[in-house]
There are 2 protein chains.
Amino acid sequence: MSSDIIVNAPADFHVHLRQGSLCHIVTPCVRKGGFTLAYVMPNLKPPITTTDQALAYKALLESIDPHVDYLMTLYLAPELTPEEIRKAKRAGVVGVKSYPRGVTTNSDAGIENYEVYYPVFEAMEQEGLVLNLHGEVPSDADNNVCVLNAEERFLPQLVKLHKRFPALRIVLEHATTRAAVEVVKSLGDTVACTITAHHLALTVDDWAGQSFHFCKPVAKFPDDRKALQDVIRQGHPRFFLGSDSAPHPIASKLQSTPNHGCAAGVYTSPILLPLVAHLLESFGALERLEGFASSAGRQFYGRAAMASGPKVVLRRFKHIVEAADTVQSDEHQLLSFWVGRELNWVIAE
Amino acid sequence: MSSDIIVNAPADFHVHLRQGSLCHIVTPCVRKGGFTLAYVMPNLKPPITTTDQALAYKALLESIDPHVDYLMTLYLAPELTPEEIRKAKRAGVVGVKSYPRGVTTNSDAGIENYEVYYPVFEAMEQEGLVLNLHGEVPSDADNNVCVLNAEERFLPQLVKLHKRFPALRIVLEHATTRAAVEVVKSLGDTVACTITAHHLALTVDDWAGQSFHFCKPVAKFPDDRKALQDVIRQGHPRFFLGSDSAPHPIASKLQSTPNHGCAAGVYTSPILLPLVAHLLESFGALERLEGFASSAGRQFYGRAAMASGPKVVLRRFKHIVEAADTVQSDEHQLLSFWVGRELNWVIAE
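Residues numbered from 1 in each chain as written. Chains lettered and ligands numbered in written order. Predicted model: local features only at pLDDT ≥ 70, side-chain atom pairs only at ≥ 80, totals over all residues. Heavy atoms only, no water.

With respect to the overall build of chain A
Argument step 1. Counting its secondary structure elements, chain A contains 13 helices and 12 strands.
Argument step 2. Relative to its length of 349 residues, chain A is compact, with a C-alpha radius of gyration of 19 Å against a globular reference of 20 Å.
Argument step 3. Its C-alpha atoms give chain A principal-axis dimensions of roughly 55 × 50 × 40 Å.
Argument step 4. Residues classed as buried in chain A amount to 62% of the 349 residues present.
Argument step 5. A separation threshold of at least 6 residues defines the contact pool for chain A, and within that pool the share at least 24 residues apart is 75%. (Helix = DSSP H or I, 4+ residues; strand = E, 2+ residues; numbered from the N terminus. Rg over C-alpha atoms; globule rule 2.2 N^0.38 Å. Buried < 20%, exposed > 50% of the residue type's maximum accessible area, 1.4 Å probe, protein only. Contact = heavy atoms within 4.5 Å.)

A look at the packing of aromatic side chains
Argument step 1. Inspection of every chain in the model, using the stated rule, returns 33 aromatic pairs over all chains.
Argument step 2. Note on Tyr39 of chain A and Tyr301 of chain A: the rings are 4.8 Å apart at their centroids and 50° apart in plane angle, and the pair reads as tilted. Taken as a pair, Tyr39 of chain A in strand E3 (residues 37-40) and Tyr301 of chain A in helix H12 (residues 289-301) lie far apart in primary sequence, 262 residues in all.
Argument step 3. Assessed through its relative accessible area of 0%, Tyr39 of chain A is described here as buried.
Argument step 4. Consider the rings of Tyr117 of chain B and Phe121 of chain B, whose centres lie 6.4 Å apart with planes at 35°: the pair is tilted.
Argument step 5. By relative accessible area, Phe121 of chain B is classed as buried at 0%.
Argument step 6. Aromatic rings pair up to connect Tyr114, Tyr117, Tyr118, Phe121, Phe154 and Phe165 of chain A into one cluster.
Argument step 7. The aromatic ring of Trp338 of chain A is capped on one face by Arg341 of chain A, whose charged end is 4.0 Å from the ring centroid. (Phe/Tyr/Trp six-rings, centres within 6.5 Å; stacked < 30°, edge-to-face > 60°. Lys NZ or Arg CZ within 6 Å of the ring centre and 35° of its normal.)

Some details on the sheet that holds strand E2 (residues 11-15) of chain A
All names here are of chain A.
Argument step 1. On the basis of which strands lie adjacent, the open sheet formed by three strands has the order E2-E3-E4 and parallel pairing. The two strands at the open ends of the sheet, each matched to only one other strand, are E2 and strand E4 (69-71). On average, each strand axis in the sheet is inclined to that of its neighbour by 20°, with strand direction left out of account.
Argument step 2. Pairing geometry for E3 and E4, over three bridges, is parallel. Within E4, the position partnered with Ala38 by the bridge is Tyr70.
Argument step 3. Packed on one face of the sheet, H12 meets E2 and E3 and runs near 70° to E2. (Pairing = 2+ DSSP bridges. Axes fitted to C-alpha atoms, helices over the stretch in contact; angles between N-to-C directions.)

Let's talk about the pattern of salt bridges
Argument step 1. Taken as a whole and assessed by the stated rule, the structure comprises 24 salt bridges over all chains.
Argument step 2. Two residues, Arg233 of chain B and Asp230 of chain B, come together in a salt bridge whose shortest N-O distance is 2.2 Å. With Arg233 of chain B and Asp230 of chain B both in helix H9 (residues 222-233) and three residues apart, the pair spans about one turn of that helix.
Argument step 3. What emerges from the salt-bridge pattern is a single network uniting Arg178, Glu182 and Asp223 of chain A. (Salt bridge = Lys/Arg side-chain N within 4 Å of Asp/Glu carboxyl O.)

Remarks on the sheet that holds strand E2 (residues 11-15) of chain B
All names here are of chain B.
Argument step 1. Spatially, E2-E3-E4 is the arrangement adopted by the three strands of the open sheet, whose pairing is parallel. Each of the sheet's edge strands pairs with one partner strand only, and the pair in question is E2 and strand E4 (69-71). Across the sheet, the mean angle from the axis of one strand to that of its neighbour is 20°, orientation sign disregarded.
Argument step 2. Lying on the sheet, helix H12 (residues 289-301) is in contact with E2 and strand E3 (37-40); it crosses E2 at an angle near 70°.

Observations concerning helix H9 (residues 222-233) of chain A
Residues and elements named next belong to chain A.
Argument step 1. Between its first and last C-alpha atoms H9 spans 16 Å; for 12 residues at 1.5 Å apiece the expected length is 16 Å, and the two agree.
Argument step 2. The buried fraction of H9 is high, at nine of 12 residues.
Argument step 3. Every buried residue of H9 is listed here: Pro222, Asp224, Arg225, Ala227, Leu228, Gln229, Asp230, Val231 and Ile232.
Argument step 4. Elements in contact with the buried residues of H9: helix H7 (178-186), strand E9 (191-195), strand E10 (239-241), helix H11 (272-282) and H12. (Expected span 1.5 Å × (residues − 1).)

Structural notes on the relation of the copies chain A and chain B
Argument step 1. Of the transformation placing chain A onto chain B, the axial shift is 0.0 Å and the rotation is 180°, giving an RMSD of 0.0 Å. Here the symmetry operator amounts to a two-fold rotation axis.
Argument step 2. In this assembly the copies share their binding face: 100% of the residues contributing to the interface of chain A also contribute to that of chain B. (Least-squares fit on C-alpha atoms with pLDDT ≥ 70 in both.)

Comments concerning the interface of chain A and chain B
Argument step 1. Taken residue by residue, the interface counts 35 residues in chain A and 35 residues in chain B.
Argument step 2. When chain A packs against chain B, the two sides together hide about 2800 Å² of surface, and 63% of this comes from carbon and sulfur.
Argument step 3. Applying the counting criterion to the chain A and chain B interface returns zero salt bridges.
Argument step 4. Across the chain A-chain B interface, the total number found is eight residue pairs in polar contact (both at pLDDT 80 or more).
Argument step 5. Elements that contribute at least two residues to the side of chain A that touches chain B include exactly helix H8 (204-207) and H9 of chain A.
Argument step 6. Of the residues that constitute the side of chain A that touches chain B, the class distribution is 17 nonpolar, 14 polar and four charged. (Buried area = accessible area lost by both parts, 1.4 Å probe. Polar contact = N/O pair within 3.5 Å; in protein donor to acceptor, adjacent residues only side chain to side chain. Nonpolar A, V, L, I, M, F, W, Y, C, P; charged D, E, K, R; others polar.)

Some details on the environment of Ser336 of chain B
Residues and elements named next belong to chain B.
Argument step 1. One can find Ser336 in the loop between helix H13 (323-326) and strand E12 (342-347).
Argument step 2. Counting along the chain gives 37 residues from Ser336 to Gln299, while the straight-line C-alpha distance between them is 29 Å.
Argument step 3. Apart from the residues within four sequence positions on either side, Ser336 is in contact with Tyr267, Pro270, Ile271 and Thr326.

Digging into helix H5 (residues 118-127) of chain A
Residues and elements named next belong to chain A.
Argument step 1. Burial in H5 covers these residues: Tyr118, Val120, Phe121, Ala123 and Met124.
Argument step 2. Those residues of H5 hidden inside the fold are in contact with helix H4 (82-90), strand E6 (95-98), strand E7 (130-133) and helix H6 (150-164).
Argument step 3. Phi turns positive one or two residues past the end of H5, at Gly128, with a value near 85°.

Describing unusual backbone geometry
Argument step 1. Note that the residue after Lys45 of chain A, namely Pro46 of chain A, is joined by a cis bond; omega there is -5°.
Argument step 2. By secondary structure assignment, the location of Pro46 of chain A is in the loop between E3 and helix H3 (51-64).
Argument step 3. One non-glycine residue, Asn144 of chain B, lies in positive phi territory at about 60°.
Argument step 4. By the secondary structure assignment, Asn144 of chain B is in the loop between strand E7 (130-133) and helix H6 (150-164).

Examining the nonpolar core
Argument step 1. Core analysis: the biggest nonpolar cluster contains 217 residues, and Phe121 and Leu158 of chain A together with Phe121 and Leu158 of chain B have the highest contact counts within it.
Argument step 2. Phe121 of chain B has contacts with Leu76, Tyr114, Leu131, Leu161, Phe165 and Leu168 of chain B, leaving out every residue within four places of it along the chain. (Core = buried A, V, L, I, M, F, W, Y, C linked by side-chain atoms within 4.5 Å.)

Things to note about the packing of H6 of chain A against H7 of chain A
All names here are of chain A.
Argument step 1. Between H6 and H7, whose axes approach to 9 Å, the crossing angle comes to 15°. In terms of their interaxial angle, H6 and H7 are classed as roughly parallel. Here H6 runs over H7; the crossing is right-handed. Residues Glu151, Glu152, Leu155, Leu158 and Val159 of H6 touch H7, and the partners they reach there are Ala179, Ala180, Val183 and Val184. (Parallel < 35°, antiparallel > 145°, perpendicular 65-115°, else oblique. Left-handed = near helix turned anticlockwise from the far one by under 90°.)

What about the confidence of the model for chain A?
Argument step 1. Averaged over all residues, the pLDDT of chain A equals 94, while 96% of them reach at least 70.
Argument step 2. Of the two predicted TM-score estimates for the complex, the pTM is 0.95 and the ipTM is 0.94. (pLDDT = per-residue confidence, 0-100.)

What about the side chain of Glu173 of chain B?
Residues and elements named next belong to chain B.
Argument step 1. With respect to the helices and strands, the residue Glu173 is situated in the loop between strand E8 (170-172) and helix H7 (178-186).
Argument step 2. Buried within the structure, Glu173 lacks any salt-bridge partner; its nearest side chain of opposite charge belongs to Lys97, at an N-O separation of 6.0 Å.
Argument step 3. Within the structure, Glu173 has its side chain in polar contact with the side chain of Asn132 (distance 2.7 Å).
Argument step 4. Aside from chain neighbours lying at most four places away, what touches Glu173 is Phe13, His14, Lys97, Asn132, Leu133, Thr194 and Tyr301. (Lys, Arg positive; Asp, Glu negative; His and termini not counted.)

Here's the deal with the side chain of Glu84 of chain A
Residue and element names in this part refer to chain A.
Argument step 1. Relative to the helices and strands, Glu84 is located in helix H4.
Argument step 2. Buried within the structure, Glu84 lacks any salt-bridge partner; its nearest side chain of opposite charge belongs to Lys87, at an N-O separation of 4.6 Å.
Argument step 3. In contact with Glu84, not counting residues within four places along its chain, are Thr49, Thr50 and Thr51.

Take a look at the structure:
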């Protein structure tokens, strides 16, 4: 019996490749982690809100590693017009990402009310652009909203958008709750959902007092994690990998004062495919690896892999993930998720 | 109209005074924070499980600051016998603290099953010792238990103990949930509940990515915090202050690797009475200050303050809490809660 797995054209449908010198470090880690398609988030400073910015960013990424298919997105903001959507489509931009104001990294420009964007969504529906939702509402103590129920409280907005724009493809990004899984399952074929690797591993206990495991949305209850695992084990075609790999320099993860919290984000890119294989195997879903990490997302986005496309061979090999094996840089100290822990799989050279 | 408040004999019914050199730094902060009664937790290394240890610890504390009434406790553990309970009572020990195994600082010796301790509880009931419960069950992913519902899942054990030992005085320590408040209210007069200062201020959003606000039990939802505030505003006689002030050196709060979390604990002792006044005023309960921070707990423990007892004058004075004003030590770097933030009250010299 072979201990190798061949995965056809792994695709990460949610990744942060950053900007400046950090971008030069993390972009090569997409392929290092086994992936040749990266759906690129637009939350830079300033955010990517125009086609021209997106194309310039894509050119930068291609100059760093030309062997990855970068799917570009725009940041939903007031300057985004139906005309810009049509221009974006012609230029090959794939989606528009919506961030609620203030809930995650560089989301100060995020939205507060979707109705003002209905003309934009109508253009997206016509042009076939995908709407990517960071599905959390801002915390609001008077209404008992905090990071734990921010996703569940958002779900009615997802339902409302889908009803108003049934042909608009919508992706609920990085789902973390049973409630989200159930709502997405209940909606039509134009609504899909990404799941990160780390949310298959973590619960709230793992980020309580542990800043390297703190991200937005936060990992929830064990039963929520089980719902994410179950829907993958079931092979549901509208749930697929979006790593939300989000590198932050170590200094930003280790906050230093009582009034300044650490940056939110878990960095998985450098070990992503072995990690996903390891986790799926841990809950009996290894046979779903190619569906979850490639074909389901490609199908939803209309990016089917060619038979001659890139294949990645995973080999069964128990090893401890070392910091030095994940990412190295003199300028930025980064620490990958799972460093110091055991993985059962490596990418065969 | 005077801007002073006089508080008669403030009493902190749950405080960690540590051991070794740290003990010498934090013990004087009890009076610095306005308190002259300290109900002292026994979770040292090794834990305080005998009367002799408790007396030696009390002598140490009195050698550091003799002007505080230290009420001593034993750590519930297999070596604690009914005979030891009777000896403890004769020596002036006041209570026995129960820690579930592994849920907080130095709780490796914690209990897993209460029934084996029924003979001890019977002796405590006869002798009038108080049972202090850290009311959390250990995390258990298979049963969906994590730090968020660990307290609520514990409550049936509180109810069961109270029914079995109705004359045993029991304190549910550092309650953080509406569920806990409601259960304690529903039980008899022998069951009380401490509330910390920091749980009146924090919710889960405050410790998400913020290790200085991470403690056990973790702060919960905004609605839980409101329940704690409401029961104080109502002046309920069985809910009173136990700060759970828990100093940890800064290095222990700033965890440094992805697989090593930070120490759990919030340190409030040096600013405790001004902080409690500030917080109570913020939710319209300033008139409950003496009840909450002195007389209710003293009543429950049978430690009524004498008319000639110590009085503390709080003066209205807006100021920013400075690190240097809270605790100073060359050997241990500590950071008090609320450093860098504004308080409306100071202790008048």
